[in-house]
Amino acid sequence: MKELERVELANINGGTIKWWEAAKKGIWFGIALTIIENWADIKSGTVDGWNDAMKEK
């Protein structure tokens, strides 16, 4: 057995990882997950804000 070279590993694993693209996707996933986890608070805050704005008119 011999150790695989970087080029061979890239061919086996389907190429190199594009870190910037992976990080951008991770950021969007984090934002989406935060919104999903806090949806009840976001929804109630939006409704309260809307109701307060309508009272001022």
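Residues numbered from 1 in each chain as written. Predicted model: local features only at pLDDT ≥ 70, side-chain atom pairs only at ≥ 80, totals over all residues. Heavy atoms only, no water.

Visitor: I keep staring at the overall build of the protein and nothing clicks. Help me out?
Guide: Counting secondary structure elements, the protein contains 3 helices and 0 strands. N-terminal to C-terminal, the α/β element order of the protein is α-α-α. Burial analysis of the protein (57 residues in total) assigns 0% to the buried set. Accessible area of the protein: about 5,800 Å², with a carbon and sulfur share of 63%. Where the 8 positive side-chain charges of the protein centre and where its 9 negative ones centre are 6 Å apart. (Helix = DSSP H or I, 4+ residues; strand = E, 2+ residues; numbered from the N terminus. Buried < 20%, exposed > 50% of the residue type's maximum accessible area, 1.4 Å probe, protein only. Areas by Shrake-Rupley, 256 points an atom, 1.4 Å probe, with all protein chains shown as cover. Lys, Arg positive; Asp, Glu negative; His and termini not counted. Charge placed at Lys NZ, Arg CZ, Asp CG, Glu CD.)

Visitor: Would you take a moment to explain the environment of Trp-28 for this structure?
Guide: As for its placement among the helices and strands, Trp-28 is situated in helix H2 (residues 19–37). Since its relative accessible area comes to 61%, Trp-28 is described here as exposed. Sequence separation between Trp-28 and Leu-9 is 19 residues, and the spatial gap between their C-alpha atoms is 29 Å.

Visitor: Looking at this structure, how should I read a nonpolar patch on the surface?
Guide: On the surface, Ile-27, Trp-28, Ile-31, Ile-35, Trp-39 and Ile-42 cluster together into a nonpolar patch covering about 640 Å² of accessible area. Of all the secondary-structure elements, those providing two or more residues to the nonpolar patch are H2 and helix H3 (39–55). (Patch = residues over 30% accessible without salt bridge, like charges linked within 9 Å, V, L, I, M, F, W, Y side chains within 5 Å. Salt bridge = Lys/Arg side-chain N within 4 Å of Asp/Glu carboxyl O.)

Visitor: How do you make sense of the confidence of the model for the protein when you look at a structure like this?
Guide: Atomic detail in the predicted coordinates should be set aside for any region of low pLDDT. Per-residue pLDDT for the protein has a mean of 85; in total, 91% of the residues score no lower than 70. Confidence, expressed as mean pLDDT per element, reaches its minimum in the protein at helix H1 (residues 6–13) with 74 and its maximum at H3 with 92. (pLDDT = per-residue confidence, 0-100.)

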